Amino acid sequence: MSMNREILLRVENLTQMYGDRIGCKDVNFDLWPGEVLGIVGESGSGKSTLLNCISAQLQPTSGSVSYNTRADGLKDIYHMIEPERRLLMRTDWAFVHQNPRDGLRMNVSAGANVGERLMAVGDRHYGNIRNTAEDWLSRVEIQDNRLDDLPSTFSGGMQQRLQIARNLVTGPRLVFMDEPTGGLDVSVQAKLLDLLRSLVRNLGLSVIIVTHDLAVARLLSHRLMVMQRGHVVESGLTDQVLDDPQHPYTQLLVSSILQT
Amino acid sequence: MEMLKVTNVGKSFTLHTQGSAEIPVFKDINFNLSGGDCIALTGASGAGKSTFMRMVYANYVCQEGAISVFHEGKWLNITEASPHEILEMRRSTMGYVSQFLRVIPRVSTLDIVSDPLVQIGASEEAAADKAKELLARLNIPENLWSLSPLTFSGGEQQRVNIARGFITDYPVMLLDEPTASLDAGNRQTVLDLIEEAKMRGSAILGIFHDQAARDAVCTGSFDVTQYRIGS
């Protein structure tokens, strides 16, 4: 799928301070449709702060995040009125949390978890909602006889796939993911990577994915940003950053990977 | 017609984790490549052939000079281009067959081979048909096509890599030891694929340790040793 030439998201001089402490500082980048951007760095480097600022969950101290809206083109999300931003987050955007419990409602059925997102954007026909939910559960390889079960009866890997189905059912253009494969054993992780890759390719999604796993970053992302103490210390093509890292911190990260 | 221009290119590695040791590699490389040519990179083992090829693919960073690729009617200097532009250039203009197969576990061989063609807009069916044809030519048994190549032998993985590299008619191709670890029959198939790409007008840069293979397909050679510093 060839990328079209219009920027989907533009982040300029984004800074988040926690008092005197830096969450993230002076971050700049553009994201194009169909592009997967990986954000890597060790725990506490500011990856999640940055992701939260970009995804309208945490108002940044300064800087701007502009999204290419269907109606008005590039528009600063923090200058939108609240209902407009809410609508964007429900329709064009999706957020996949590391812990599926943060992204699912655990006390309603799997089908309702998926259907709820559809109802939030105005779908009211029960039969259609149930069919769409069924279709999405099969896409993420959850058997249809589990449709009426509670997510709490699912394994961790299934919960993560359910969370992805719930997020993608409304056809978002931009998906934020915070360590989506963290905490899963490797065979489940491989399955999830395959799923994410095919969804990105088939739906033309743009993704911003935070991970500390460089192997995951290499397989999924086109571009990488490396963060250390709140600063982006290196960014570029994924394979260039990992194979010929320029910054001392990136070199340390890359040289610390265990060989199997 | 010229497809690739390398001008005054220099490369060094700085190893920050090892006392910031500076390893100079190349200085002032000048090299041009035209469509229909297949140039062999030569030089002893360790001379930097693969390093040079990775620089041309923008996998390695150049500290000096310019590398320009004729991409969609214009010259693109990849030492200054954005990641977005380089990805577009790789998608449609420049293919690279490395010695390593790096893929997501569980994805079928057929999908891995078809993928580059789907990415430039071919239908899944058309891409799968061409992938099957290439896999068959390269003697990958049909009962393996639905499996992940990660479980294959070294030689089979190498052939999957070649099929993936040749499914798109790239105007520029970089081949890092495409005939290594292949038996005579498969080696000949790869040489045929290279010959066909040349006939289509592709500009090819290759590393061939196999002298007979080099003699069979190459129209010239380029010795990187002359630009090497500190060896």
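All figures in this text were calculated on a predicted structure; none of them were measured in a lab. (Residues numbered from 1 in each chain as written. Chains lettered and ligands numbered in written order. Predicted model: local features only at pLDDT ≥ 70, side-chain atom pairs only at ≥ 80, totals over all residues.)

Trainee: Provide a residue-level description of the overall build of chain B, including the pertinent values.
Mentor: Tallying secondary structure elements over chain B gives seven helices and nine strands in all. For 231 residues, the compact-globule formula gives about 17 Å, and the C-alpha radius of gyration of chain B, at 18 Å, lands near that figure. Counting only C-alpha atoms and orienting by the principal axes, one finds that chain B spans roughly 50 × 40 × 35 Å. Counting every position in chain B, which comprises 231 residues, the buried fraction comes to 42%. Of the contacts formed within chain B by residues at least 6 apart in sequence, a portion of 72% connects residues at least 24 apart. (Helix = DSSP H or I, 4+ residues; strand = E, 2+ residues; numbered from the N terminus. Rg over C-alpha atoms; globule rule 2.2 N^0.38 Å. Buried ≥ 20, exposed ≤ 12 C-beta atoms within 10 Å, placed from the backbone. Contact = placed C-beta atoms within 7 Å.)

Trainee: Account for unusual backbone geometry, naming residues and giving values.
Mentor: Phi is mostly negative for residues that are not glycine, and the peptide bonds are mostly trans. Residue and element names in this part refer to chain B. The phi dihedral of Asn 8 is positive, around 50°, even though this residue is not glycine. Within the fold, Asn 8 resides in strand β1 (residues 2-15). Asn 8 sits in the exposed class, given 12 other C-beta atoms within 10 Å. Phi angles above zero are rare outside glycine, and Arg 106 is one such case at about 85°.

Trainee: Describe the sheet that holds strand β9 (residues 220-223) of chain B, listing the residues and the values that go with them.
Mentor: Residues and elements named next belong to chain B. The five strands lie next to each other as β6-β7-β8-β3-β9, forming an open sheet whose pairing is parallel. Strands with a single pairing partner mark the edges of an open sheet, and in this sheet they are β6 (94-97) and β9. The mean angle between the axes of side-by-side strands here comes to 20°, regardless of whether they run parallel or antiparallel. As judged from the three bridges shared by strand β3 (residues 38-42) and strand β8 (residues 203-207), these two strands associate in the parallel manner. If you follow Ala 40 over to β8, its bridge partner there is Gly 206. Strands β3, β7 (172-176) and β8 of the sheet are contacted by helix α1 (residues 49-56), whose axis makes an angle of about 150° with β8. (Pairing = 2+ DSSP bridges. Axes fitted to C-alpha atoms, helices over the stretch in contact; angles between N-to-C directions.)

Trainee: Now, about the packing of helix α3 (residues 109-119) of chain B against helix α5 (residues 154-166) of chain B: what can you tell me, with residues and values included?
Mentor: All names here are of chain B. Running from amino to carboxyl end, α3 crosses α5 at an angle of 30°, the nearest separation of the two axes being 7 Å. Overall, the two elements α3 and α5 adopt an arrangement that is roughly parallel. Residue-level contacts link Thr 109, Ile 112, Val 113 and Pro 116 of α3 to Val 160, Ala 163 and Arg 164 of α5. Broken down by class, the residue content of the contact of α3 with α5 amounts to five nonpolar, one polar and one charged. (Parallel < 35°, antiparallel > 145°, perpendicular 65-115°, else oblique. Nonpolar A, V, L, I, M, F, W, Y, C, P; charged D, E, K, R; others polar.)

Trainee: I'd like a description of the domain arrangement of chain A, backed by residues and values.
Mentor: Residue and element names in this part refer to chain A. According to the domain assignment, chain A consists of domain 1 (1-92 + 173-260) and domain 2 (106-171). Just the C-alpha atoms count here: the centres of domain 1 and domain 2 sit 25 Å apart. Among the secondary structure elements, those contributing two or more residues to the side of domain 1 that touches domain 2 are α2 (82-91) and α7 (186-203). Looking at which element gives the most residues to the side of domain 1 that touches domain 2, the answer is α7, with five residues. Along the lines of polarity and charge, the residues of the side of domain 1 that touches domain 2 split into seven nonpolar, two polar and two charged. (Domains from an automatic or database assignment.)

Trainee: Residues and numbers for the sheet that holds strand β4 (residues 64-71) of chain B, please.
Mentor: Residue and element names in this part refer to chain B. What the four strands build is an open sheet, ordered β2-β1-β4-β5; its pairing is antiparallel. With one partner strand each, in any of the chains shown, β2 (21-34) and β5 (74-77) form the two edges of the open sheet. Averaged over all neighbouring strand pairs, the angle between strand axes comes to 25°, with direction disregarded. With 10 bridges joining them, β1 and β2 adopt antiparallel strand pairing. The residue bridging Val 6 from the neighbouring strand is Phe 31, located in β2.

Trainee: Account for the interface of chain A and chain B, naming residues and giving values.
Mentor: Each side of the interface is counted separately: chain A has 23 residues, and chain B has 18 residues. Listing elements by their share of the side of chain A that touches chain B, those giving two or more residues are α7, β10 (231-237), α9 (238-243) and α10 (248-255) of chain A. Counting residues per element, the side of chain A that touches chain B draws most heavily on α7(A), which supplies five residues. Tallied by class, the residues present in the side of chain A that touches chain B amount to nine nonpolar, seven polar and seven charged.

Trainee: Please provide a residue-by-residue account of the pairing of β4(B), values included.
Mentor: Residue and element names in this part refer to chain B. Bridge count between β1 and β4: five bridges; the pairing is antiparallel. Residue pairing in the sheet places Thr 7 in a bridge with Ala 66 of β4. Direction of pairing for β4 relative to β5: antiparallel, over a ladder of four bridges. The residue of β5 that forms the bridge with Ser 68 is Asn 77. The antiparallel hairpin formed by β4 and β5 contains two residues in its connecting segment, where Glu 72 sits at a positive phi of about 50°.

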